[in-house]
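# Structural description and commentary
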Amino acid sequence: MKKIFFMKMRSIFVVILYAVIVLTCLDQNPDAQEASKPKFYLVSVGIGDPDNITLRAINVIKDSDIVFCDNSIREKFAVILRDKEIHKAGFGIFGIYGKSPEEAKKNKRFDYEEKMKEFNAINAIIRKAMKDGKTVSVLENGDPTIYGPNMWYMEAFEDLNPEIVPGISCFNAGNATLKKGVTSGEKTHSVVLTASFGDKEYTGDDSIENLAANKASMVLFTMFLDFEDVVKKLRTHYPPETPVAIVLYAGYKEKERVIQGTLSTIAGQLKMEKKLPFENLFYVGDFLANRYSSAGK
């Protein structure tokens, strides 16, 4: 009996030892080792109110040693950035990165020499940090991949295998404010995201006029947008009764507001408004008026 007892105990011990060995090996697998290596991230902190940030973004920021961001983000997330080494993200470098000096100097918004100086400083900080085993994050409002000014980081530091942490865009926040499914129109089930940047002379394949010819729902990111000009272009293809909406301050619960009208009325409505904030989106499409309960009637 004692022999059987000791044999059973030996078997249990072997099983436990095997389990320990397996778990140890798992801890040392490439994925686990990779997690301990320095990382470089481009992180969305969401849009608007601080609670629009994702849990993943919070965890990545907590694990970061060095952070690049603008002052508004630094103030909004002061608690989780409290012990971090913080640098400015270099707004405007997108205007000169990857271009020849002659081409870059045509952009009058940003000074070429100044932005190159910023780029060289950022490049030195990031490469030294990664060499020293530190994790670096660049923080961005909204989703970095939708008109994000810091996407140039992904190419400039491509050799460092950067990762993007996605997040809530003003597009997502605006949709929620409207309480409408942007792909659920009565006649259209597609949505186009675009921006004019105030360039009235742009005549490329994706100009507003060309996109409007498809009569899909459209969302215009309104940086420097000339509303009257855009409405005129949209009316070349959309009927005048097409519903439109302008979402102001998408993602800011206490400030967000919607101006609704049609292509024939919105220009007049805007004349009664004070200067619109930078944070606004322009929606056009029959989804704005569609109701499920009216289907089939």
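Residues numbered from 1 in each chain as written. Predicted model: local features only at pLDDT ≥ 70, side-chain atom pairs only at ≥ 80, totals over all residues. Heavy atoms only, no water.

### As for the pairing of strand β10 (residues 280–284)
Put simply, the test is: The buried label goes to any residue with under 20% of its type's maximum accessible area, the exposed label to any with over 50%, and the partly exposed label to all in between, with areas taken from a 1.4 Å probe on protein chains only. In DSSP terms, a helix is any run of H or I states spanning at least four residues, a strand is any run of E spanning at least two, and both are numbered starting from the N terminus. Here, any two strands with at least 2 DSSP bridges between them count as paired.
A large share of β10 lies buried, amounting to five of its five residues. The two faces of β10 match: Asn280, Phe282 and Val284 on one face and Leu281 and Tyr283 on the other face are all buried. Pairing analysis gives four bridges linking strand β7 (residues 217–221) to β10, with the strands arranged antiparallel. Across the sheet, the residue bridging to Met218 is Val284, located in β10. One ladder, built from five bridges, connects strand β8 (residues 243–248) with β10; its direction is antiparallel. Paired with Val247 across the two strands is Leu281, which belongs to β10.

### Remarks on the sheet that holds strand β5 (residues 163–165)
Each strand in a sheet pairs with another by means of backbone hydrogen bonds, the pair being arranged parallel or else antiparallel. We apply this condition: Fitted lines through C-alpha atoms serve as axes, helices being fitted only where they are in contact, and the angles separating the N-to-C directions of these axes extend from 0 to 180 degrees. Contacts: residue pairs with any heavy atoms within 4.5 Å of one another.
The five strands are arranged β3-β2-β4-β1-β5 in an open sheet whose pairing can be described as parallel. Each edge of the sheet is formed by a strand with only one pairing partner; in this case those strands are β3 (85–87) and β5. If you compare each strand with its neighbour and ignore which way they point, the axes differ by 25° on average. Judged from the three bridges that link them, strand β1 (residues 40–44) and β5 form a sheet pairing that is parallel. What sits directly across from Tyr41, in β5, is Glu163. Helix α3 (residues 55–63) rests against β1, β4 (136–140) and β5 of the sheet, and its axis sits at about 130° to β5. Strands in contact with helix α6 (residues 112–131) are β1, β2 (66–68), β3 and β4; relative to β2, the strand with the most contacts, it is inclined by about 155°.

### Here's the deal with the nonpolar core
Nonpolar side chains tend to gather and get buried jointly when the protein is soluble and globular. To be explicit about the condition: What is meant by a nonpolar core is a set of buried Ala, Val, Leu, Ile, Met, Phe, Trp, Tyr and Cys residues, joined one to another through side-chain atoms within 4.5 Å.
Counting residues in hydrophobic clusters, the biggest one holds 22 residues, and the most contacted among them are Met218, Leu234, Ile246, Phe282 and Val284. Secondary-structure elements contributing two or more residues to this core are α9 (208–212), β7, α10 (227–234), β8, α11 (266–271) and β10. Ranked by residues supplied to this core, first place goes to α10 with four residues. In contact with Leu234, other than residues within four places in its own chain, are Ile208, Ala212, Met218, Leu263, Phe282 and Val284. Core analysis: the second largest hydrophobic core is formed by 21 residues, Ala89, Met130, Val138 and Ala156 among them.

### Topic: the pairing of β8
Within β8, six of the six residues are buried, which leaves the element mostly enclosed by the surrounding structure. The alternating pattern of β8 places Pro243, Ala245 and Val247 on one face and Val244, Ile246 and Leu248 on the opposite face, and all of these are buried.

### Some details on α10
Stated formally: Pairing of N or O atoms within 3.5 Å defines a polar contact, subject to two protein rules: one partner must be a possible hydrogen donor and the other a possible acceptor, and residues neighboring in sequence count only if both atoms are side-chain atoms.
In terms of residue burial, α10 counts as a mostly covered element, since six of its eight residues are buried. The set of residues buried in α10 consists of Phe227, Asp229, Val230, Val231, Lys233 and Leu234. Two or three places before Glu228, at the opening of α10, Asp226 has a side-chain oxygen 3.3 Å from that residue's backbone nitrogen.

### Focus on the pattern of salt bridges
Threshold: One speaks of a salt bridge when a side-chain nitrogen belonging to Lys or Arg is within 4 Å of a carboxyl oxygen belonging to Asp or Glu.
If you walk through the whole model with that rule in mind, you get eight salt bridges. In this structure, the salt-bridge partner of Asp229 is Lys233, at a minimum N-O distance of 3.1 Å. Here Asp229 pairs with Lys233, and both are found in helix α10, just four residues apart, close to one helical turn. For the pair formed by Asp229 and Lys233, the shared burial category is buried. Within this structure, Lys39, Arg56 and Glu163 form a network of salt bridges that share partners.

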